[in-house]
Amino acid sequence: MFCKRIYSLGTVILITLSAAIGGFLFGFDSSVINGANVAIKEHFSCNDLQLGLAVSLPLIGAAIGAYFAGRLADRFGRVSCMLAASILFFVSAIGSGLPFNITDFIIWRVIGGVGIGVASIIAPIYIAETAPAHLRGRLGSMQQLAIVIGIFFALLSNYVIVYFAGSASNTIIGFEAWRIMFWVEAIPALIYGIAAIQLPESPRYLISKGRLEDAKKVLEEISLENVEYEMYSIQSTFRNSRPARLSDLLEVFEGRAHIAPIVWAGLGLAILQQLVGINVIFYYGTMLWKSVGFGESDAFLTSLVSSGINLTMTVIAILLIDKIGRKPLLLIGSFGMAITLSTLSGCFIFGADNGILSSSSGIIALTAANLYVAFFAATWGPVMWVMLGEMFNNRIRAVAIAVCGLAQWGANFLVSWTFPILVGENGIGIGPTYMIYAFFATISIFFVALFIRETKNKELEEM
């Protein structure tokens, strides 16, 4: 049993919001391409394969950043990794607006992708290690809220830029509009770096390094009492001083080493969150709606509306996650996404003429797409990140999240790279592609029901 702890809530929230700026950049950087991909395709005369690589290869960078972030966080600290991520975001933002060819552009985007990967892993680790158990779900959800705010502002800034320029390919203040879309990101990247410098290090990291006095000072800033007991509880979970290794994710059963069930559960959550195809909406939404009959301005506005729904429902998720629990929300989301994705697929299969949606099919498709976004944002979007931050024990948390993050970004790459190919001239079409995503949403129902355990209101030291 763990004694009740009283926390300095204002300090914890400030720490959480500062750390979550990385989530904002995560969302902004990954979605800013939505408004620029058509212009980039025209500017560099790209085919569908090249465009898919331009959008998806940064996700390989994110996978690499996510995989190594856990180890780097255990070696150099959580705050140092946040600062490194802010530098990567800034460099990528400037370079992405100054490419000479498509290869050059991809390189700059991959650099930003590494930053995304680092930020995606560090923020949930840091927030989970500083937040009290009874509020950890809500505060952990700030990561996802920051991500969707970043997505919203990326699409909003794209819409505003295109509104004044007339098109992403047109010139504004002496530069093509799509270049300015990327340069906007440099501002929050600088803010992230400044915020990171001000943050205290994670007390659990400090204790793992034997810096007990430093850890005590941080805990005294966060906790109003029971600091000594909390330090003892954390220390007891670190059985030796060596860093966690991949082998720690294995357990021996009948004389053979197997991946621990909790790791399989984390991997399943990470991969299924992407295989339902959510990022197709935020990476290719503008291009998708233009391809089925929407004008450029309407396509931008439609993507912005979807992002607004994403933001609103994420706020609702934050209010519900510590009341309803993680597993019930995941099940609700899985059922909702399976139904809406199937409906969306049907609209494109049966309601389109030569690839153009009819008026009635267009209304149903838009409604289904936005309901799909709503179900994802209220459930799988934030819950997956919260659970990855809290489902593993202190000993393996960083390395386990790193492996799950690698899997998550790998799945993201697969979906993002294949989408323009699947819906292109030689592909299977939009309808069958969405049916694939509906299939994985259905699979997620059974996965959650069978393999996911509730983590609501449990201390990290109980995991």
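Just above, that's the structure.
Keep in mind that what you see is a predicted model, and the values were worked out from it rather than measured.

Novice: Now, about the overall build of the protein chain: what can you tell me, with residues and values included?
Specialist: A count of helical and extended segments in the protein chain gives 19 helices and six strands. Once local pairs closer than 6 in sequence are excluded, the contacts in the protein chain between residues at least 24 apart make up 82%.

Novice: Requested: an account of the packing of aromatic side chains, with residues and values cited.
Specialist: Enumeration according to the criterion identifies 17 aromatic pairs in this entry. Taking 5.3 Å as the distance between ring centres and 70 degrees as the angle between the ring planes, the aromatic pair formed by phenylalanine 439 and phenylalanine 440 counts as edge-to-face. Taken together, the ring pairs connect Tyr284, Phe348, Phe419, Tyr434 and Tyr437 into an aromatic cluster.

Novice: Could you give an account of helix α16 (residues 359-378), naming the residues involved and the relevant values?
Specialist: In a regular helix each residue adds 1.5 Å, so 20 residues correspond to 28 Å; α16 covers 29 Å between its end C-alpha atoms and thus fits that length. Within α16, burial applies to Ser361, Gly362, Ala365, Ala368, Ala369, Asn370, Tyr372, Val373, Ala374, Phe376, Ala377 and Ala378.

Novice: Quick one: what's the story with the packing of helix α4 (residues 78-96) against helix α5 (residues 102-130), residue by residue and with numbers?
Specialist: One way to put it is that α4 packs onto α5 with a least axis distance of 8 Å and a crossing angle of 155 degrees. In terms of orientation, α4 and α5 fall into the roughly antiparallel class. Where α4 crosses over α5, the two elements pack in a sense that is left-handed. Looking at side-chain class alone, the contact of α4 with α5 contains 17 nonpolar, five polar and three charged residues.

Novice: So, the nonpolar core: which residues are in play, and what are the values?
Specialist: The tendency in soluble globular proteins is for nonpolar side chains to be buried side by side. By size, the foremost hydrophobic cluster in this structure holds 144 residues, and its most contacted members are Ile40, Met181, Leu269, Phe392, Trp409 and Tyr434. If you tally residues by element for this core, the top one is helix α6 (residues 136-165), at twelve residues. Other than its neighbours up to four places away in sequence, methionine 181 contacts Phe28, Val32, Gly35, Ala36, Asn158, Ile161, Val162, Ala168 and Phe300.

Novice: Could you give me a rundown of the side chain of glutamine 408, with the residues and numbers involved?
Specialist: Its place among the elements puts glutamine 408 in helix α18 (residues 397-422). There is a polar contact of 2.8 Å between the side chain of glutamine 408 and the side chain of glutamine 273.

Novice: Could you give an account of unusual backbone geometry, naming the residues involved and the relevant values?
Specialist: Although it is not a glycine, serine 45 adopts a positive phi angle of roughly 55 degrees. Mapped onto the secondary structure, serine 45 falls in the loop between α2 (33-43) and α3 (48-76). One non-glycine residue, isoleucine 173, lies in the positive phi region at around 45 degrees. Among the structural elements, isoleucine 173 can be located in the loop between β1 (171-172) and β2 (175-176).

Novice: Can you break down the packing of helix α15 (residues 326-350) against helix α19 (residues 430-451) residue by residue, with the values?
Specialist: The contact between α15 and α19 brings their axes to 8 Å, and the two run at 160 degrees. The orientation of α15 relative to α19 falls into the category roughly antiparallel. Regarding α15 and α19, the two cross each other, and that crossing is left-handed. Tallied by class, the residues present in the contact of α15 with α19 amount to 19 nonpolar, six polar and one charged.

Novice: Lay out α18 in plain terms, naming residues and giving numbers.
Specialist: The periodicity of an α-helix, 3.6 residues per turn, causes residues three or four positions apart to be oriented the same way. If you check α18, its first and last C-alpha atoms are 37 Å apart, about what 26 residues at 1.5 Å a residue would give, namely 38 Å. With 19 of its 26 residues buried, α18 lies for the most part within the structure.

Novice: Would you mind going over the environment of glycine 410 in detail, with residue names and values included?
Specialist: Along the chain, glycine 410 turns up in helix α18. Taking the relative accessible area as the measure of exposure, glycine 410 reaches 30% and is therefore partly exposed. As a C-alpha pair, glycine 410 and glutamine 274 span 136 residues in sequence and 9.1 Å in three-dimensional space.

Reading the values: the criteria
- Residues numbered from 1 in each chain as written.
- Predicted model: local features only at pLDDT ≥ 70, side-chain atom pairs only at ≥ 80, totals over all residues.
- Heavy atoms only, no water.
- Helix = DSSP H or I, 4+ residues; strand = E, 2+ residues; numbered from the N terminus.
- Contact = heavy atoms within 4.5 Å.
- Phe/Tyr/Trp six-rings, centres within 6.5 Å; stacked < 30°, edge-to-face > 60°.
- Expected span 1.5 Å × (residues − 1).
- Buried < 20%, exposed > 50% of the residue type's maximum accessible area, 1.4 Å probe, protein only.
- Axes fitted to C-alpha atoms, helices over the stretch in contact; angles between N-to-C directions.
- Parallel < 35°, antiparallel > 145°, perpendicular 65-115°, else oblique.
- Left-handed = near helix turned anticlockwise from the far one by under 90°.
- Nonpolar A, V, L, I, M, F, W, Y, C, P; charged D, E, K, R; others polar.
- Core = buried A, V, L, I, M, F, W, Y, C linked by side-chain atoms within 4.5 Å.
- Polar contact = N/O pair within 3.5 Å; in protein donor to acceptor, adjacent residues only side chain to side chain.

By themselves, these observations are geometric and do not establish any function.
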